[in-house]
Amino acid sequence: YTLMGTLAANPLVDKDCNIYIGSDDKTFYVLDSSGKLKYTFPTGGNIWSSATMDVNGTVYFGSYDFNLYAIEFLSNGLDTGVWPKLGKNIKNTTNK
């Protein structure tokens, strides 16, 4: 999928290999593991921050419309590999 805007943040990847990313076109995108568009969520401002996900699968991100968004996308949580999140978890601590 080709996004309409520029990416300025790191993508987030969940256990199902869905990709979550915001763009400076004021839209938050969710792509499946093959890169096909699953969802879009429009905001009132550019999205330059990386998203994070809690243990229940709720995705959090900020926008330059001065809002913090919390959206439940029915995810099974973060991927367990090192790629999607520093330190392998939402607290940025290393799993041992």
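Starting afresh in each chain, residues are numbered from 1 along the sequence in its written order. Where totals are concerned, whole chains, interfaces and linings use all residues; where local detail is concerned, this predicted model gives features only for residues with pLDDT of at least 70, and gives and counts side-chain atom pairs only at 80 or more. Where side-chain values are given, they derive from all heavy atoms of the structure, hydrogens and water being excluded.

Asker: Please set out the pairing of strand E3 (residues 27–31) residue by residue, giving values where relevant.
Answerer: Each residue gets one of three labels from its accessible area relative to the maximum for its type: buried under 20%, exposed over 50%, partly exposed in between, using a 1.4 Å probe on protein chains only. Helical segments are the DSSP runs of H or I of at least four residues, strand segments are the runs of E of at least two, and each set is numbered from the N terminus. Within E3, five of the five residues are buried, which leaves the element mostly enclosed by the surrounding structure. Alternating positions in E3 separate into two faces, Thr27, Tyr29 and Leu31 on one and Phe28 and Val30 on the other, with burial throughout. Pairing analysis gives four bridges linking strand E2 (residues 19–22) to E3, with the strands arranged antiparallel. Residue Tyr20 lies in a different strand from E3, and its bridge partner there is Val30. Paired strands are those between which DSSP finds at least two bridges. The antiparallel pairing of E2 with E3 creates a hairpin that spans four residues between the two strands, and Lys26 there sits at a positive phi of about 70°. In this sheet, strand E4 (residues 37–42) lies alongside E3 in antiparallel orientation, the contact comprising five bridges. Bridge pairing links Leu31 to Leu37 in E4. Taking the residues that link successive antiparallel strands as the turn, the E3-E4 hairpin has five residues, and the phi of Gly35 there is positive, at about 90°.

Asker: Please give an account of the sheet that holds strand E7 (residues 67–72) that cites residues and values.
Answerer: A sheet is described by the order of its strands in space; here three strands give the open sequence E5-E6-E7, paired in antiparallel fashion. Taken across any chain shown, the strands that pair with only one partner, and hence form the sheet edges, are strand E5 (52–53) and E7.

Asker: Go over the sheet that holds E2 with me, naming the residues and quoting the values.
Answerer: Taken in spatial order, the four strands line up as E1-E2-E3-E4 in an open sheet, and their pairing is antiparallel. Of all strands in the sheet, those bounded by a partner on one side alone are strand E1 (12–13) and E4. Pairing between E1 and E2: two bridges, direction antiparallel. Each residue of the ladder has a partner; that of Val13, found in E2, is Ile19.

Asker: Pulling in residues and values, what's your account of the side chain of Asp14?
Answerer: Note that Asp14 resides in the loop between E1 and E2. At 6.5 Å, Lys38 is the nearest oppositely charged side chain to Asp14, a buried residue that forms no salt bridge. The term polar contact refers here to a pair of N or O atoms within 3.5 Å; inside protein, the definition further demands a hydrogen-donor-capable atom paired with an acceptor-capable atom, and it admits residues adjacent in sequence only when both atoms are side-chain atoms. Reaching out from Asp14, the side chain makes a polar contact with the backbone nitrogen of Asn18 at a distance of 2.8 Å. Counted as positive: Lys and Arg. Counted as negative: Asp and Glu. His and the chain ends are not counted at all. Here, a salt bridge means any Lys or Arg side-chain nitrogen found within 4 Å of an Asp or Glu carboxyl oxygen.

Asker: Break down unusual backbone geometry for me, with residues and values.
Answerer: Excluding glycine, a negative phi dihedral is what most residues carry, and trans is how most peptide bonds are arranged. Phi angles above zero are rare outside glycine, and Cys17 is one such case at about 65°. Mapped onto the fold, Cys17 is located in the loop between E1 and E2. For Lys26, which is not glycine, the phi torsion reads 70° and is therefore positive. Along the chain, Lys26 turns up in the loop between E2 and E3. On the accessibility criterion, Lys26 (39% relative accessible area) is partly exposed.

Everything listed here is a matter of coordinates, which is why it stays silent on function.
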